[in-house]
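Per-entry structural report
Spelled out, the chains give:
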Amino acid sequence: MKKIFIAILLTGFVLAGCKKPDAAPKAAPQEEEVVYAVTGYKTITGNLDDYLEFGGDVSSVSAVDVIPDMAGKISNILVSVGDMVKKDQVIAYVDASRPGMNYKASPVKAPIAGRIISFTPMLGATVSQAMPIAKISNTDELEIKMSVPERFISRIHNNQTASISFDAYPGVTFYARIFEVSPVLDTSTRTMDVKLRMLENDERIKVGMFARIHLVTETVKNATVIPSACIITRDGKPFVFVVSSDSQTASLRSVTVGMNVDNKSEIISGISEGEVIVAKGQSLLNDGAKISVISMQE
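Residues numbered from 1 in each chain as written. Predicted model: local features only at pLDDT ≥ 70, side-chain atom pairs only at ≥ 80, totals over all residues. Heavy atoms only, no water.

1. Things to note about the environment of Leu-215
Worth spelling out the cut-off: In DSSP terms, a helix is any run of H or I states spanning at least four residues, a strand is any run of E spanning at least two, and both are numbered starting from the N terminus. Only protein chains enter the accessibility calculation, which uses a 1.4 Å probe. A residue is then buried if its area is under 20% of the maximum for its type, exposed if over 50%, and partly exposed in between. Contact between two residues is taken to exist if any of their heavy atoms lie within 4.5 Å; hydrogens are not considered.
Mapped onto the fold, Leu-215 is located in strand β15 (residues 210–227). Using a relative accessible area of 0% as the deciding quantity, one classes Leu-215 as buried. Considering only alpha carbons, one finds Leu-215 and Ser-163, 52 residues apart in sequence, at a separation of 6.6 Å. Excluding residues within four positions of it along the chain, Leu-215 makes contact with Asp-50, Tyr-51, Leu-52, Met-146, Ile-156, Gln-160, Thr-161, Ala-162 and Ile-178.

Below, the structure written as structure tokens:
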């Protein structure tokens, strides 16, 4: 048995020695260079306006309640709502007569010139000196009252011009100027009252309308302005990727950002007008990455 076992082992060694040598190991495949598809943006200079938006109510600059000189019943009404009246014009009569006591009707006069915007009592209604019967307003001069939250008051001052829009006239812009800024804040609402006066009279604007106020508070002229989405943050600092002149690589460049308005950013330093930066696709890039600019963002 031992002779047979030794013979088997010798046979195995002979066969192993007859095997062909293994082929040379294959070379490791080289990694292919990655080229990233990106969208570019050519930097330009322009103006950037910072602004605030508020809502306000249209009112007349002057509005006065009309109060009768004596109590009684309205015996005659001489005007209608919407009529223009002069100062001291009689608009109604009040009869103070009582059973057994007859008096001459007392005239109710307009305290100012303007337009009748309300006339409350009906003919025969009882009125008194404590109850206004009408309101007269000078609708040729209109103002807008708005309330400004405390955090914005440092950006509000007299003579600022605002563009005004109304839901009743979509696409139409009117203009007003701040003429009065309250020196105090309302402690319950933490807001400051501000009044604007319309620059031009316009019959389309009515007292009581709701105004949408667009107030430019700061303007930067001839600034390098880019979409805010072009800016990335790394290590807590802002950067952009600048496309090389041959449009094949992107280099990471630090920038100083100024004002941000409506997804646009002012670049104080780091890039200049005319340079092309990466607008989309920059999140995967590293400094010196290979790129292919497939489109330009307007």
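2. Section: the pattern of salt bridges
Condition: Every case where a carboxyl oxygen of Asp or Glu lies within 4 Å of a side-chain nitrogen of Lys or Arg is listed as a salt bridge.
Inspection of every chain in the model, using the stated rule, returns eight salt bridges. Residue Arg-212 is joined to Asp-167 by a salt bridge in which the shortest nitrogen-to-oxygen separation is 2.9 Å. With Arg-212 in strand β15 and Asp-167 in the loop between β12 (161–165) and β13 (174–181), this residue pair connects regions lying 45 residues apart in the sequence. Looking at Arg-212, the relative accessible area reads 40%, which means it is partly exposed. One network of salt bridges, with partners in common, ties together Glu-143, Glu-180 and Lys-195.

3. Considerations on the nonpolar core
Put simply, the rule is: We call a set of buried Ala, Val, Leu, Ile, Met, Phe, Trp, Tyr and Cys residues a nonpolar core when their side-chain atoms join them within 4.5 Å.
Ranked by size, the top nonpolar core spans 24 residues in total, and within it Ile-156 and Ile-164 carry the most contacts. Breaking this core down by element, the ones donating at least two residues are β2 (44–60), β11 (142–149), β12, β13, β14 (191–198) and β15. If sequence neighbours within four positions are ignored, Ile-164 has contacts with Ile-144, Val-172, Thr-173, Phe-174, Tyr-175, Ala-176, Ala-211, Arg-212 and Ile-213. Listed in part, the 15 residues of the second largest apolar core include Ile-91, Val-108, Ile-116 and Ile-136.

4. Details of the sheet that holds strand β5 (residues 84–85)
The following threshold applies: Only strands that DSSP links by at least two bridges are regarded as paired with each other.
Taken in spatial order, the four strands line up as β3-β10-β8-β5 in an open sheet, and their pairing is antiparallel. Two strands in the sheet have a free side with no partner beyond their single neighbour: β3 (63–66) and β5. Judged from the four bridges that link them, β3 and strand β10 (residues 134–137) form a sheet pairing that is antiparallel. Following the sheet pairing, Asp-65 is matched in β10 by Lys-135.

5. Considering the sheet that holds strand β9 (residues 126–127)
Strand order in the open sheet made by the four strands is β7-β6-β4-β9, with antiparallel pairing throughout. Lying at the two open borders of the sheet, with one neighbouring strand each, are β7 (106–109) and β9. Direction of pairing for strand β4 (residues 72–77) relative to strand β6 (residues 90–95): antiparallel, over a ladder of four bridges. Among the inter-strand pairings, Asn-76 is bridged to a residue of β6, identified as Tyr-93.

6. Here's the deal with the packing of aromatic side chains
Here is the rule we go by: Geometry of aromatic contacts follows a simple scheme: Phe, Tyr and Trp rings, the Trp one being its six-membered ring, pair when their centres are within 6.5 Å, and the pair is stacked under 30 degrees between planes, edge-to-face over 60, tilted otherwise. Counting as a charge over the ring demands two things of the Lys NZ or Arg CZ atom: a distance within 6 Å of the ring centre and an angle within 35 degrees of the ring normal.
Applying the stated criterion across every chain, the model contains three aromatic pairs. Here Phe-166 and Phe-174 contribute two aromatic rings whose centre-to-centre distance is 5.5 Å and whose plane-to-plane angle is 65°, an arrangement assigned as edge-to-face. When its relative accessible area of 3% is taken as the criterion, Phe-166 is described as buried. The exposure class of Phe-174 is buried, given its relative accessible area of 7%. Here the aromatic residues Phe-166, Tyr-169 and Phe-174 are joined through ring pairs into a cluster of three or more. Residue placement shows Arg-197 over the ring face of Phe-179; its charged tip is 4.1 Å from the ring centre. One Lys or Arg, Arg-204, reaches over the ring of Tyr-169 and ends 5.5 Å from the middle of that ring.

7. Side note on the confidence of the model for the protein
Should pLDDT be low for a region, the predicted coordinates there are not to be read in detail. Keep this limit in mind: pLDDT is a residue-level measure of predictor confidence that goes from 0 to 100.
Predicted confidence across the protein gives a mean pLDDT of 87, with 89% of residues reaching 70 or more. Per-element averaging of pLDDT across the protein places helix α1 (residues 2–17) at the bottom with 44 and β12 at the top with 95. Considering only residues more than four positions removed or in separate chains, one finds that residues 1–19, a stretch of pLDDT under 50, has zero contacts.

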